[in-house]
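Results of the structural survey
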Amino acid sequence: MGAASLDDATQAVILAGGQGTRLRPLTLARAKPVVPVLTRPLLGWQLALLRAHGVTDVILACSYRVEDVRRALGEAEHLGVRLRYVIEAEPLGTGGGVRNAADLARGTVFVLNGDVLTDADLSAMRRFHEERGSRTTIFLTRVADPRAYGLVETEADGRLRRFREKPGPEEPVETDTINAGIYLLDAALLGRIATGRAVSIEREFFPALIADGVPCYGWAASAYWRDIGSPAAYRETQRDLLLGRAAMPVAPPGDEHDGCWVDTTAHVAAGAHLVAPSVLGRGVRVGIGAQIGPLTVLGEETRIGADARVTGSVLWERVTVGPEAVLEDCVIGADVDIGPQARVAAGAIVASGSSVGPRATVTA
Ligand code: GDD
Ligand code: MG
């Protein structure tokens with residue numbers, strides 16, 4: 001056994017200070033860590049996972065749109081964790097952010113990128129870390145196109161051999177194994193991260209540990225995993241959750257009826273057609289003859305007019321959809337007004353606060 005014990009690693013730092021550029025325009029209106037996923041803020045899913053694995057002391061390393069995050073999560077007592085916010089005056093990067101936020105001098109800390117959604121067995125990861133005597137363990141997953149991620153090569157026993165963040169287009173890539181953005185770190189190593197400037201955990205800290213022979217391992221798990229970094233990933237993740245492809249520790253919010261999760265305050269008119277799986281949030285109203293679903297998420301106070309059809313789409317809060325409008329496989333931000341008989345086509349993203357006129361068509 002190492003210095004740490006199995007009930008260690010109950011603190012986590014969540015990196016939530018990125019700008020979410022690739023998720024624009026959705027992130028113009030709301031910080032990426034709290035974009036709604038089946039109406040629940042993205043970080044709410046992470047906190048539930050952490051809680052399920054005994055991690056109850058969570059520090060959010062923020063630097064951008066902190067008020068959004070606070071508004072969505074507060075102190076998170078209702079989620080069974082203690083949540084603290086540490087705010088960077090200037091973004092410190094993924095390494096600097098962890099060093100700045102972690103308040104453990106000894107023991108082990110979980111670190112999570114704030115935009116990943118996974119059902120990984122963090123308790124198994126913690127056991128692996130202990131058994132190997134690892135000082136830094138990186139959760140590894142495999143993807144079809146690894147270039148957009150941190151590439152990780154390991155020895156047969158899992159020991160890290162090489163970490164290469166986002167190789168250039170001319171560099172050969174021999175692995176499809178990537179950094180899944182969840183780590184266990186021996187807190188004593190955080191002193192290696194420079195202060196006073198931005199430091200990338202991926203470009204500086206991990207390669208230096210390997211070069212210095214510090215025992216670091218990759219933990220390869222076949223868990224559900226996704227980085228919600230793009231609008232397509234944002235929509236696909238919700239589709240996966242609706243289809244039960246991830247074994248999350250919490251169900252979608254609302255009461256389940258025939259494969260749909262419906263808040264008790266939502267109202268579906270007689271003669272409207274609800275197709276599973278879908279989620280209807282607080283105060284949603286669906287008019288006569290409308291079809292909602294399959295694979296549709298309606299945020300709080302969203303109103304769907306008579307005979308409208310909404311399939312495969314994610315609507316945020318307070319969206320108004322006029323009668324006979326048709327929405328397919330799209331994402332609609334908050335406070336959007338969609339006129340009667342308008343059409344929003346597959347792949348389209350409508351920014352929060354905008355309007356779509358009567359009979360207008362929006363394409364991707
Ligand atoms: N506090 C803080 N300060 N957080 C930051 C900062 C910062 O300066 N910069 C980025 N973050 C946070 C982001 O909010 C995000 O949650 C996390 O750090 C990772 O940043 P991304 O911008 O999402 O990085 P990425 O997706 O391109 O790459 C990272 O994740 C991949 C897996 O999803 C890397 O860790 C890759 O190696 C990894 O494969
Ligand atoms: Mg990311």
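In the block above lies the structure referred to throughout.
Residue positions within a chain follow its written sequence, with the count starting from 1. A letter from A marks each chain and a number from 1 marks each ligand, given out in the order of writing. It should be noted that, the model being predicted, local features are given only for residues of pLDDT at least 70 and side-chain atom pairs only at 80 or more, the latter also being counted only at that level, while totals for whole chains, interfaces and linings use all residues. The side-chain values count all of the structure's non-hydrogen atoms but skip hydrogen atoms and water molecules.

1. Brief notes about the overall build of the chain
Within the chain one finds seven helices and 32 strands. Note that the radius of gyration is over C-alpha atoms, with the globule rule given as 2.2 Å times the number of residues to the power 0.38. Relative to a compact globule of 364 residues, whose C-alpha radius of gyration would be 21 Å, the chain shows 22 Å and is just as compact. Counting only residues that meet the buried cut, the chain has 55% of its 364 residues in that class. Any two residues whose heavy atoms approach within 4.5 Å are treated as being in contact. In the chain, once contacts between residues fewer than 6 apart in sequence are set aside, the share between residues at least 24 apart is 52%. Within this scheme the basic residues Lys and Arg register as positive and the acidic residues Asp and Glu register as negative, but His and the chain ends are omitted. Think of each charge as sitting on NZ of Lys, CZ of Arg, CG of Asp or CD of Glu. Side chains of the chain give 38 positive and 44 negative charges; the mean places of these two sets differ by 2 Å. In this text, helices come from DSSP runs of H or I with a minimum length of four residues, and strands from runs of E with a minimum of two, each type numbered from the N-terminal end. Only protein chains enter the area calculation, which uses a 1.4 Å probe; residues under 20% of their type maximum are buried, those over 50% are exposed, and those in between are partly exposed.

2. Considerations on the sheet that holds strand β22 (residues 303-304)
Strand order in the open sheet made by the six strands is β16-β19-β22-β25-β28-β31, with parallel pairing throughout. Here the strands that pair on one side only, and so sit at the sheet edges, are β16 (267-268) and β31 (355-356). Strands are labelled as partners when DSSP assigns at least two bridges between them. Pairing of β16 with strand β19 (residues 285-286), which is carried by two bridges, proceeds in the parallel orientation. Bridged to V268 within β19 is V286.

3. Overview of the packing of aromatic side chains
Working definition: a ring pair exists when centres of Phe, Tyr or Trp rings (six-membered ring for Trp) sit within 6.5 Å. Plane angles under 30 degrees give stacked, over 60 give edge-to-face, the rest tilted. Scanning the model with the defined rule gives seven aromatic pairs in all. Relative to W225, the ring of Y149 lies with its centre 5.8 Å away and its plane at 65°, an arrangement referred to as edge-to-face. You can see Y149 sitting in the loop between β8 (136-142) and β9 (150-154) and its partner W225 sitting in strand β13 (residues 225-227), a full 76 residues away along the chain. Classification of Y149 as partly exposed rests on a relative accessible area of 22%. For W225, a relative accessible area of 12% translates into the label buried. Ring centres of F205 and F206 lie 5.8 Å apart, and the angle between their planes is 55°; this geometry places the pair in the tilted category.

4. Some remarks on the coordination of the magnesium ion (ligand 2)
For the magnesium ion (ligand 2), the full set of protein donor atoms is D115 (OD) and D227 (OD), at a range of 2.1 to 2.5 Å. With D115 in the loop between β6 (108-113) and β7 (116-118) and D227 in strand β13, the pair connects residues that are 112 residues apart, well separated along the chain. For the residue pair D115 and D227, the accessibility class agrees, reading buried in each case. With water excluded from the atoms, a metal site may look incomplete; its donors are any N, O or S atoms within 2.8 Å, or within 3.2 Å for Na, K and Ca.

5. Examining the sheet that holds strand β32 (residues 361-362)
Pairing within the open sheet is parallel, and its six strands lie in the order β17-β20-β23-β26-β29-β32. Edge positions in the sheet fall to β17 (273-274) and β32, since each of these pairs with one other strand and no more. As judged from the three bridges shared by strand β23 (residues 309-311) and strand β26 (residues 326-328), these two strands associate in the parallel manner. Each residue of the ladder has a partner; that of T311, found in β26, is E328.

6. As for helix α7 (residues 231-242)
Each helix should span, by expectation, one fewer than its residue count multiplied by 1.5 Å. For α7, spanning 12 residues, the distance from its first C-alpha to its last is 17 Å, which sits close to the expected 16 Å at 1.5 Å a residue. For α7, the tally of buried residues reaches nine of 12 residues, placing the bulk of the element in the interior.

7. Digging into the side chain of T136
The residue T136 is located in strand β8 in this model. T136 gets classed as buried once you look at its relative accessible area, which sits at 0%. The residues contacting T136, other than those within four sequence positions of it, are H129, L184, L185, L189, F205, F206, L209, P215, C216 and Y217.

8. Some points on helix α4 (residues 93-101)
For α4, the complete set of buried residues consists of G95, G96, G97, V98 and A101. Buried residues along α4 sit in contact with β1 (11-15), β4 (57-62), β5 (82-87), β6, β11 (177-186) and α6 (201-211).

9. Some points on the site of ligand 1
In these notes, residues near a molecule or strand are those with any non-hydrogen atom within 4 Å of it. Around ligand 1 sit 26 residues, and of these E88, E165, N179, E202 and D227 come closest. Here a polar contact is taken to be a pair of N or O atoms separated by no more than 3.5 Å, where protein atoms must pair a possible hydrogen donor with a possible acceptor and residues adjacent in sequence count only if both atoms sit in side chains. In the model, an oxygen atom of ligand 1 is placed 2.8 Å from a nitrogen or oxygen of the D115 side chain. Side-chain polar atom of D227 to an oxygen atom of ligand 1: 2.7 Å apart, as the coordinates give it. Note on areas: Shrake-Rupley, 1.4 Å probe, and residue coverage restricted to the protein chains presented here. In isolation ligand 1 offers 740 Å² of accessible surface; the protein chains occlude 90% of this area. Breaking the shell around ligand 1 down by element, the ones donating at least two residues are α4, β10 (160-165), β11 and β13. Classification convention: Asp, Glu, Lys, Arg as charged; Ala, Val, Leu, Ile, Met, Phe, Trp, Tyr, Cys, Pro as nonpolar; all other residues, Gly among them, as polar. Class assignment for the residues of the shell around ligand 1 results in 10 nonpolar, eight polar and eight charged.

10. Re unusual backbone geometry
Cis peptide bonds are those with omega within 30 degrees of zero, and the linkage from A276 to P277 qualifies with -5°. In this fold, P277 is placed in the loop between β17 and β18 (278-280). Along the chain, G293 connects to P294 via a cis peptide bond; the corresponding omega equals 5°. Note that P294 resides in the loop between β20 (291-292) and β21 (296-298). The phi dihedral of L38 falls on the positive side, at around 50°, and the residue is not glycine. With respect to the helices and strands, the residue L38 is situated in the loop between β2 (36-37) and β3 (40-41). Judged by its relative accessible area of 0%, L38 is buried. One non-glycine residue, T39, lies in positive phi territory at about 70°.

11. Focus: the nonpolar core
Inside soluble globular proteins, nonpolar side chains tend to come together where they are buried. Here the nonpolar core consists of buried residues drawn from Ala, Val, Leu, Ile, Met, Phe, Trp, Tyr and Cys, with membership extended through side-chain atoms lying within 4.5 Å. Of all hydrophobic cores here, the largest spans 39 residues; its most connected members are L50, L60, L73, F110 and F139. Sequence-distant contacts of L60, that is, excluding residues within four places in its chain, are made with I14, A16, L43, V69, L73, L83, R84, Y85 and V86.

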